[in-house]
Structures are given as structure tokens and as C-alpha cells.
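# Secondary and tertiary structure notes
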Amino acid sequence: MNKQNMKNILKMMIFLCLVITLLHLSSRIVEPKQNTKESGIKYENARGFYGERQNSLDIIAIGNSDLYNAMNPLQLWHEQGIPSYVCAEPSQKIVEAYSLLKQTYLNQTPQLIILEVDELFTKSDVDDLDISISETLKEIFPVFDYHNRWKNIQKDDFIKEKVYNQKILTKGYKYYNNVQSYKGGKSYLKNKKKSSLTYTTQYYLNEFIKYAKNNGSQVLLMCCPTANTWTMDKHHTIQKIADQYQLQFLDFNMLLDDINFDWTKDTRDGGNHLNDFGAQKVTHYLGNYLKSKYHFQDYRTHQDYQNWNQDYLEYHQKLKYYKGKNGFIGK
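Read on for an overview of the structure. (Residues numbered from 1 in each chain as written. Predicted model: local features only at pLDDT ≥ 70, side-chain atom pairs only at ≥ 80, totals over all residues. Heavy atoms only, no water.)

## Re the overall build of the chain
When helices and strands are tallied, the chain shows 11 helices and seven strands. For the chain, the proportion of its 331 residues judged to be buried stands at 52%. Expressed as a percentage of contacts within the chain between residues at least 6 apart in sequence, the contacts between residues at least 24 apart total 83%. Surface exposure of the chain reaches about 16,700 Å², of which carbon and sulfur atoms provide 52%. (Helix = DSSP H or I, 4+ residues; strand = E, 2+ residues; numbered from the N terminus. Buried < 20%, exposed > 50% of the residue type's maximum accessible area, 1.4 Å probe, protein only. Contact = heavy atoms within 4.5 Å. Areas by Shrake-Rupley, 256 points an atom, 1.4 Å probe, with all protein chains shown as cover.)

## Details of the pattern of salt bridges
Taken as a whole and judged by the stated rule, the model has nine salt bridges. Here Asp 311 makes a salt bridge to Lys 167, at a shortest N to O gap of 3.3 Å. With a gap of 144 residues between them, Asp 311 in helix α11 (residues 306-322) and Lys 167 in the loop between α7 (156-159) and β4 (175-176) connect regions that are remote in the sequence. Put simply, Lys 281 and Asp 266 hold a salt bridge, and the shortest N to O gap is 2.7 Å. Separated by 15 residues along the polypeptide, Lys 281 in helix α10 (residues 276-293) and Asp 266 in the loop between β6 (248-251) and α10 bring together distant segments of the chain. Lys 281 sits in the partly exposed class, given a relative accessible area of 24%. A network of salt bridges, in which partner residues are shared, links Glu 52, Lys 167, Lys 171 and Asp 311. (Salt bridge = Lys/Arg side-chain N within 4 Å of Asp/Glu carboxyl O.)

## Details of unusual backbone geometry
The backbone phi angle of Lys 171 is positive, close to 55°, even though this residue is not glycine. Topologically, Lys 171 is positioned in the loop between α7 and β4. Residue class for Lys 171 comes out buried when judged on its relative accessible area of 0%. With a phi close to 55°, Gln 246 is a non-glycine residue in the positive phi region. Mapped onto the elements, Gln 246 comes out in the loop between α9 (232-245) and β6.

## Considerations on the sheet that holds strand β3 (residues 112-116)
A sheet is described by the order of its strands in space; here five strands give the open sequence β2-β1-β3-β5-β6, paired in parallel fashion. Every interior strand has two partners, whereas the edge strands, β2 (84-88) and β6, have only one. Each strand axis lies, on average, 20° off the axis of its neighbour in the sheet, ignoring direction. By the bridge criterion, four bridges tie strand β1 (residues 59-63) to β3 in an arrangement that is parallel. Directly across from Ile 60, in β3, lies its bridge partner Ile 113. Those strands touched by α10 are β1, β3, β5 (218-223) and β6, and its axis lies near 160° from that of β6. (Pairing = 2+ DSSP bridges. Axes fitted to C-alpha atoms, helices over the stretch in contact; angles between N-to-C directions.)

## Looking at the packing of helix α4 (residues 94-104) against helix α8 (residues 199-214)
Packed helix pairs are specified by the crossing angle of their axes together with the interaxial distance, meaning the distance between the axes. Direction vectors running N to C along α4 and α8 enclose 20°, while the axes themselves pass 9 Å from each other. Taken together, α4 and α8 sit at an angle that is classed as roughly parallel. When the axes of α4 and α8 are compared, the crossing they make is left-handed. Seen from α4, the contacting residues are Ile 94, Val 95, Ala 97, Tyr 98, Leu 101 and Lys 102; seen from α8, they are Thr 201, Tyr 204, Leu 205, Glu 207, Phe 208, Tyr 211 and Ala 212. Class assignment for the residues of the contact of α4 with α8 results in 10 nonpolar, one polar and two charged. (Parallel < 35°, antiparallel > 145°, perpendicular 65-115°, else oblique. Left-handed = near helix turned anticlockwise from the far one by under 90°. Nonpolar A, V, L, I, M, F, W, Y, C, P; charged D, E, K, R; others polar.)

## A word on the packing of helix α3 (residues 73-80) against α10
Closest axis-to-axis distance for the α3/α10 pair is 9 Å, and the angle between their directions is 50°. Put simply, α3 runs oblique to α10. Pair α3 / α10 crosses with right-handed handedness. Touching Gln 75, Leu 76, Glu 79 and Gln 80 of α3 are Ala 279, Gln 280, Thr 283, His 284, Gly 287, Asn 288, Leu 290 and Lys 291, all from α10. For the contact of α3 with α10, the residue count by class is three nonpolar, seven polar and two charged.

## A few points about the packing of aromatic side chains
If you walk through the whole model with that rule in mind, you get 16 aromatic pairs. In this structure an aromatic cluster arises from ring pairing among Tyr 98, Tyr 105, Tyr 203, Tyr 204 and Tyr 211. Here Arg 268 stacks its cationic end above the ring of Tyr 176, 3.9 Å away from the centre of that ring. (Phe/Tyr/Trp six-rings, centres within 6.5 Å; stacked < 30°, edge-to-face > 60°. Lys NZ or Arg CZ within 6 Å of the ring centre and 35° of its normal.)

## Let's talk about the environment of Ile 133
Structurally, the position occupied by Ile 133 is in helix α5 (residues 125-140). Each C-alpha atom, one on Ile 133 and one on Val 95, is 9.5 Å from the other, the two residues being 38 residues apart in sequence.

## What about α9?
Compared with the 20 Å implied by 1.5 Å per residue over 14 residues, the 20 Å span of α9 between its first and last C-alpha is a close match. Considered for burial, the residues of α9 that qualify are Lys 234, His 235, Thr 237, Ile 238, Ile 241, Ala 242 and Tyr 245. Seen end-on, α9 carries its buried residues on one side only, within an arc spanning 165°. Among the exposed residues of α9, those pointing more than 90 degrees away from its buried face are Lys 240 and Gln 244. Buried residues along α9 sit in contact with α8, β5 and β6. Gln 246 lies just past α9 and shows a positive phi near 55°. (Expected span 1.5 Å × (residues − 1). Arc of directions from axis to C-beta.)

This is the structure:
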């Protein structure tokens, strides 16, 4: 290799080092210093676990909007005494779920990870790969995720460290009481939609399960009632995956009669998401299921968890205001 080539390589290395340094420094500046919407955090509802006492959550549930409309941690607490949190984001993909999973272990050691599986059925490997590359860059350099914060940068952003201690009262659940019926009954299960997983999804699902198990957590696959996207073919696909990894699979679309579910009353948008009436039924069954399949301690009278009883009371005080109104509680 001649001297000119060596100089070019050296210049390239110096340039790359400068770019990486600038990305690292800019990431520290634009990354939110608090886990609140006002600070610029991404989906603060899904990241309220940061504000919970360290290593206090026994269950972390991760998924898309189906999940935060169907699982109510405060109801689960009141009925079973199990502390849990719903880390759900709109239109979440498995690579984003994997990234969020890793974040939860920064301050929690859950016994069980629940993964809502409706998000696993994506369009194509091309789309998944694009999201995968984007999510990886955001994870390494948060500036790619929070670059829009430049317009709101304050002096404190240059000097303050991150302090993520903001709690979310509903523990990630979003309460809706409006009703918009779905009148197709169980017919949606016979629909023919894409029911295979892309290679990218399979890869990240494997990494998700492996990471949870390596950190001492069991994994439960779960699907909430959703008439707009779910089918019997998808059920069979996930059941095969559950068998492959020796995991439990709880599909509420197969349990509609068991939980007395009514699509004309228990959905808020014509079968896509549940309202609180549907969520109560799903959460109640889930609590009994967890009690029968796993070994969770009941913390309702434990001194360190009295704030959960207070949160439950405060939540129901807010419900009194929303009774008879179309509205929601949640961030």
C-alpha cells in the first residue's frame, strides 16, 4: 500500500471518529432528561416503568395499542396483588418491542414478560429490515430518534443528566368508555390474511425470547381480542411458535365465550380495540390465569407496595369524573 492510500485511509478514519463523536455528543444533548411528554420522551405512557420503585414490577407486558386498551395493571393489582406495567406503543413492531424490553431491565427484574403477538404479522422483510436499521441507529445514537428536539433545546439539556422518575398513574393502561360495536361475531376468525412471519420478525422474536430468558424472566405470548386483524390461521402460526419455544400462549380470541365477551358492547372502534368494559373482562381472566399458571406473591398488604393501593384509589376517583362521558384516562 502506497503512502497516498495510507493517508486517505487515515483521513477517512479521522472523519468517521469525528462523526461518531458528534453523534454521541448531540445524542446526549437532545435525549430527554425526564421521561415525560413535556421533556420530549417517546410514548411516555409506555415508559412509566422508569418511575416505579426499582425491581418492584413482577410483570412487564409489551405490545401495540391492542395491549394498552385491554390489560389494566391496577385492576390486576386490586384482584391479585401482582404489580405489573404495560409497555405498549401504537403500531409497535417486534424490533421496537425488543429495544423496549432491554430498557425495562435497566431498573426492573420481572418474573414474567408478556408479549402481545398481533404485532408480529408485518408486511414484508423489506419494511421490517428498514425499521430494524432505523431502530438500531436510534438505540446507538438517540439523536436519530430525538432530532426534532433541537428547536426546544434548553440550557439544562447541555448540563443535566437523565433522571427518569416520572410515574404514570394507570401503569400504561388507557381507559376508554365509549362504545362502537362490531357486529360480525366470530366470523373474523375465518378471514384469510397474511399469517406467516417474515425472516426479520422471526429473528427479533427469537432475540426477544432469548434476552428475556437470559435475564431470568419467563415469557407468555398473548393476543387480545381484535376483530380487525386476527384470524384462525394466525392463531395456529403463534401456537406453533409457542410449542417450539415451550411457551404458554393465551389467545383471548379463542376465549370469547369463556369471558362473556360481547363485540357489540366491549369495543370502542368497531372491533379494533377494546373499551374499559372489554378490558375488565380480559384483565379479570388474565389475573386468574396468571394465578393458576405461575407463582406470584400477593403484595396488597405488603408495606413496600402501599402506594399501589393509593394509586388504585386515585384511579377510581378519576373514573367518577369520567362516568357517563366519552373520554379516556391515560397519557
